[in-house]
Amino acid sequence: MLYIPGMNESASNPVLEQLRVIRGSQERMEKNLHDIRQRLSSLERGQARNHAEYAELYEDRARRQASMDALSERILRVEKRLELTPPA
């Protein structure tokens, strides 16, 4: 305990009590901040997973579109060879 000459113990108790209250409040805020950081990290991980899933979906869509384009070209060549369509 801090001793200040000329100050009796009854005068120092309210100050010490207020410091204890402030310390308790600070500890609660630190715990809340820790919890908030954990939740934010969890959200960021979830968002990163979503981005990865969307990237896979777009990649799959692009592959399917390329496959469809190749099939369309093959059909056009077959039709042209069999003279099923008028020449362009």
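On a predicted model such as this, the values are computed, not experimentally measured, just so you know.

Attention now goes to the overall build of the protein. Across its full length, the protein holds one helix and zero strands. For the protein, buried positions account for 3% of its 88 residues. Entry remark: accessible area of the protein is about 8,700 Å², with carbon and sulfur atoms responsible for 57%.

Among all residues except glycine, the phi angle is most often negative; among peptide bonds, the trans geometry is most common. Of note in the backbone geometry, E83 takes a positive phi value of approximately 55° without being a glycine. Within the element layout of this structure, E83 appears in the segment after α1 (9-81). With a relative accessible area of 67%, E83 lands in the exposed category.

By the definition in use, this model includes five salt bridges. With a closest N to O distance of 3.6 Å, R20 and E17 form a salt bridge. In this pair, R20 and E17 are both assigned in helix α1, three residues apart and thus about one turn of the helix distant. Since its relative accessible area comes to 43%, E17 is described here as partly exposed. Here D35 and K31 are joined by a salt bridge, their closest N and O atoms 3.2 Å apart. Placement of the pair is D35 and K31 together in helix α1, with a separation of four residues, close to one helical turn. We classify D35 as partly exposed; its relative accessible area is 28%.

The rules behind these values
Residues numbered from 1 in each chain as written. Predicted model: local features only at pLDDT ≥ 70, side-chain atom pairs only at ≥ 80, totals over all residues. Heavy atoms only, no water. Helix = DSSP H or I, 4+ residues; strand = E, 2+ residues; numbered from the N terminus. Buried < 20%, exposed > 50% of the residue type's maximum accessible area, 1.4 Å probe, protein only. Areas by Shrake-Rupley, 256 points an atom, 1.4 Å probe, with all protein chains shown as cover. Salt bridge = Lys/Arg side-chain N within 4 Å of Asp/Glu carboxyl O.

As far as function goes, none of this settles anything; it's purely spatial.
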